[in-house]
Amino acid sequence: MAEKTITVNRKAYHDYHILKSYEAGIQLTGTEIKSLRDGRISIREAYVRPEEGEMWLVGAHIAHYPPAGRWNHEPTRKRRLLLHAKEIRELTEAVRAQGMTIVPLRVYLKNGLAKVEIALARGKRKYDKREALARREAERRMRQATMRRA
C-alpha cells in the first residue's frame, strides 16, 4: 500500500488532545484532485461537521488548478467525507453528547485515492499548551546536554 502524505495539520496537535483517529475518503471533483496531487491544500483552519447523517469537511482550502481555466472548483467549498455508517454515528454522538470536536490531522494519497485522517479531539486549555511547550523545551535541553558530553 503506497501512501504519500500531502499535508499535516500541526496546529491540531498543539490545540487539541487527540483521543481517537479515523481514516476517511474524501469526495473531490477532477480539478480538486489534480490540485491536491500538486500539494496545493491547506487544512489548518478546517474542521469536520456532522450534517444529516453525513460528515462534511469544512474550511479546507484546495487552490485552483491553473490549466482548468473557467471550469475550476470553489476553493473553500465543504466536501463530503466517506465513512462507514457506524463511524458516523459514533462521531456524531461524541460531538453532540460530549462536546468534542472532529479535526483533520493529515491528507494523503493511498493507492491513488485521496484520504483524510480525522480525529475525535478535546480542546486543550491554555495551561495544557504551556505545559506541553515546557516539557518539549526540557527534553530538548537534556538532549543537548548529553550531546555535549559525548
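Everything below is about the structure shown above.
The present account deals with the structure reproduced in this document. (Residues numbered from 1 in each chain as written. Predicted model: local features only at pLDDT ≥ 70, side-chain atom pairs only at ≥ 80, totals over all residues. Heavy atoms only, no water.)

Notes on the pattern of salt bridges
Going through the model one piece at a time under the given rule, you end up with 14 salt bridges. With a closest N to O distance of 3.3 Å, Lys20 and Glu90 form a salt bridge. Remark: Glu90 occurs in helix H3 (residues 85–98) and Lys20 occurs in strand S2 (residues 16–26); sequence separation between them is 70 residues. By relative accessible area, which is 41% here, Lys20 ends up partly exposed. (Salt bridge = Lys/Arg side-chain N within 4 Å of Asp/Glu carboxyl O. Helix = DSSP H or I, 4+ residues; strand = E, 2+ residues; numbered from the N terminus. Buried < 20%, exposed > 50% of the residue type's maximum accessible area, 1.4 Å probe, protein only.)

Section: the packing of aromatic side chains
Scanning the model with the defined rule gives zero aromatic pairs in all. A cation over an aromatic ring shows up here: Lys78 above the ring of Trp56, its NZ or CZ 4.8 Å from the ring centre. Positioned over the ring face of Tyr108 is Arg106, at 3.9 Å from the centre of the ring. (Phe/Tyr/Trp six-rings, centres within 6.5 Å; stacked < 30°, edge-to-face > 60°. Lys NZ or Arg CZ within 6 Å of the ring centre and 35° of its normal.)

So, the pairing of strand S9 (residues 113–123)
Within S9, eight of the 11 residues are buried, which leaves the element mostly enclosed by the surrounding structure. With nine bridges joining them, S2 and S9 adopt antiparallel strand pairing. Bridge pairing links Tyr22 to Ile118 in S9. (Pairing = 2+ DSSP bridges.)

Any link to function would need more than the numbers given here.
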